[in-house]
Amino acid sequence: MPDQVPLVDYLALSPEPHLVAHECDACGARFFDRRNACASCSGTSFHAVDVPTAGELVTFTIVSFAAPGVPVPFVAGVVDCGGTSVRANVINTDPDPTHVRTGMPVQLATFVVGTDSEGVEAVGFGFEPVEATS
Amino acid sequence: MSSDDVWILGIRMTKFGKRPDDDVMDIASEAALGALADGGVTMADMGVLAAGNLMSMGAPTGQLLQKQIGQTGIPVYNVSNACATGATALRTVIMAIKAGECDMGLAVGVEKLAGAGLLAGGSRKADSDTWQPKGRYGAVASVDGRIGTEIMPGVFAQIGMEYGHRYGGTSFELFARISEKNHAHSTLNPLAAYTKRLSLDEIMNDVMIAYPNTRPMCSANCDGAAAAVVVSDAKLRTLDPDQRRRAVKVSASVLTSDPWTESCQVLPDVNTLTRRAATQAYEQAGVGPEDLDLVELHDCFATAELVHYDNLMLCPEGGAVDFFESGAPWRDGRLPVNVSGGLQSKGHPIAATGIANIWEVCHHLRGEAGDRQIEGARVGLAHVIGLGSACGVHILEKAA
C-alpha cells in the first residue's frame, strides 16, 4: 500500500503535485472527471494533459454557513491555470476579503485530509497566494 | 394577431410564506382553481395539464391535483427542471396548444419549502476508515468544502464575483443595495413572503452565508403555488369580451439549456444560456429590451440579479453596475426589475416561481396590480434559471 493517496484521481502526487485533465483529442476541451464523451464536440477519445500549477483567482466566495460536517469559514473559488479553469479552495491565507481578492496570483498547494485505519494519508489540494510563500 | 398566438386566459399566485396547516395539494388546488376562475373556465375545458413540484421526488403531482379538483382524463405531464420547473410546465402547455392537440390547458407549480434551509450539499458523512475511490472523480472522501462549495449561495456568489472581476465596479455594498431594492419593492406586495423594508445596514450586518451574500440576499424558502390557464387564439376569439380584454398575449416562450463553455463544469455558466434565451425571445416577440416596461428576473441571490441585467441585455455588455447605479431597476426607474420583491423578498417556492413571475407581469399588463402598478405597462419579460441548467424566458404583451 502507498503511504498517500490523492483525494481525487485527477490530483497526481508525483513527481511534484499537479492536476491532470482529460483533453478531447478532437476539440481540446478539458475535463477532470471520467467521461463518456466530450460535452463540447461529442468526441470519444481523450488523452491526459498536465495542468499548470500556477494561475489567477478569477472568482471566490467565503462560505460561512455550510452543510453539517463541513468546517467554516473557507474560501471556495475558481482558478484560471493557463486557460484551464479549476475549482478549488484558497488555502494558507486568512478567509476574509482583505486577504483574498479576484485577480490575485495563486499556486497549487497540498494538505493532508486525514489518515485511514491502515495509516494511509489522503492528500487534498488547494491554491495559496503566491505572495504568502515568496 | 396571428392564428398561432397563444394567450394567458387566467392566472393566480397564492400567498407565499409559511402555511403549516396546508399540504401541497391544498396550495396547488388554490392556485389551480384560482387560475380557472380568473379565466372564467373550469377543469372540464382543459385539454392538457402540466404540473411541477420539485420536492415531491417523482410523485405524480398533476394526477394528485386532479384527484382534488377534477379527474377529467386529460394527458398530464409532470415536469421537473430545477428552478425553471414552473416555466417548463407553462411551456409544455403552450407547446401542446401550438401543436394543435388542444385549445386550452393548465400549468401548475407548487412547493412546500418553509424552513428548508440550504438545498444542496447535503451533509458531509464521516470519512471512511479506508480510502476507496468513488464516483467520476475517484474521490476517496467528500469534496464539498474541500474542493470548492456545492451550496447555492456560494455558487451564485462566485457568479456575481466573476462578473465583478471581468468588468469591475462591484462590492459587497453594491450587491447588498440590489437586495435593499427588492426588499423595498415587496412592501407593496401583499402576497410576498416578506413585506418588511430592510435598511442597507440591516442587510449587510445580517448573518453572512457565503460572501458577499448575507441571509436577506438569498432567496427566501417558503410555501406557495402559481397556476396559469393558456388558450389558443382561435378559442379565445369565441370567448366573452371581458375574457378577451383581460387575456395577455404570450409573445415569446423560450427554454434553453446550458451549452458547453470552457469553465461550465467547474462553475455553472448561467450567462450563456440566459443570453441565448433572451436573444431568441426578443426575436420571437419582435421587441427589444428598450420596449420592456417591467422585468421579473431570477434573483435567487443578490449576486445573480446583477449578471442577469447584462444577460437579458437590459444594459450594454459589461454595464450592469452602471445600470443599477442609474436607478433604472427601481420601481420608479427607467426599467423596473422585480417590483414583486423578487425571490429574495417575495420568496422562492421553487416550482411555483416560473409561473409566479408570469402572474406578476400579467397583473401589471392588466392594470390590476394595485399599489405597486407600473402605470401604462404594455410589455413585460419573465426569466428563470434552474441550475443544471435550464433557462426560461417569456415575453408578455397587453391585449391590443
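Note that the structure is predicted; figures quoted are calculated from it, not measured.

Asker: Honestly, the layout of surface pockets in this entry has me stumped. Any pointers?
Answerer: The probe, sized like a water molecule, is rolled over the atoms to show the empty space still left. All names here are of chain B. Roughly 1100 Å³ of volume is contained in the largest pocket. Contributing to the lining of the largest pocket are 44 residues, with Gly 117, Cys 218, Ser 219, Ala 220 and Asn 221 lying nearest its centre. Those elements giving two or more residues to the lining of the largest pocket turn out to be helix H4 (152-167) and strand S10 (379-386). No other element matches H4, which puts three residues into the lining of the largest pocket.

Asker: Just checking my understanding: could you explain the environment of Ala 37 of chain A for this structure?
Answerer: Residue and element names in this part refer to chain A. Note on placement: Ala 37 falls in the loop between strand S4 (30-31) and strand S5 (46-51). Note: C-alpha distance between Ala 37 and Cys 24 (13 residues apart in sequence) is 8.6 Å. Setting aside residues up to four positions removed in sequence, Ala 37 forms contacts with Ser 42, Gly 43, Thr 44 and Phe 46.

Asker: Explain the nonpolar core here, please?
Answerer: The tendency in soluble globular proteins is for nonpolar side chains to be buried as a group. Ranked by internal contacts, the top residues of the largest apolar core, which has 91 residues, are Phe 125 of chain A together with Tyr 309 and Leu 314 of chain B. By residue number, the principal contributor to this core is helix H9 (residues 270-285) of chain B, which donates seven residues. Sequence-distant contacts of Tyr 309 of chain B, defined by excluding residues within four places in its chain, comprise Ile 178, Lys 181, Leu 297, Leu 314, Cys 315, Ala 320, Phe 323, Phe 324, Pro 329 and Val 337 of chain B. Membership of the second largest hydrophobic core comes to 36 residues, among which are Phe 16, Ala 50, Ala 226 and Leu 365 of chain B.

Asker: What is the right way to look at the pattern of salt bridges in this model?
Answerer: Two side chains carrying opposite charge are able to pair once their charged atoms lie near each other. All names here are of chain B. Considering all chains together, one arrives at 19 salt bridges over all chains under this definition. A salt bridge links Asp 38 to Arg 246, with the shortest nitrogen-to-oxygen separation between them at 2.7 Å. Separated by 208 residues along the polypeptide, Asp 38 in helix H1 (residues 24-39) and Arg 246 in helix H8 (residues 241-246) bring together distant segments of the chain. Salt bridges here are not isolated pairs; linked through shared partners, they connect Asp 38, Arg 246, Arg 366 and Glu 368.

Cut-offs used in this document
Residues numbered from 1 in each chain as written. Chains lettered and ligands numbered in written order. Predicted model: local features only at pLDDT ≥ 70, side-chain atom pairs only at ≥ 80, totals over all residues. Heavy atoms only, no water. 1 Å grid on protein atoms, 1.4 Å probe; cavity = no way out; pocket = protein on both sides within 12 Å on 5 of 7 lines; lining within 4 Å. Points joined across faces, edges and corners; volume = space filled by probe spheres on them. Helix = DSSP H or I, 4+ residues; strand = E, 2+ residues; numbered from the N terminus. Contact = heavy atoms within 4.5 Å. Core = buried A, V, L, I, M, F, W, Y, C linked by side-chain atoms within 4.5 Å. Buried < 20%, exposed > 50% of the residue type's maximum accessible area, 1.4 Å probe, protein only. Salt bridge = Lys/Arg side-chain N within 4 Å of Asp/Glu carboxyl O.

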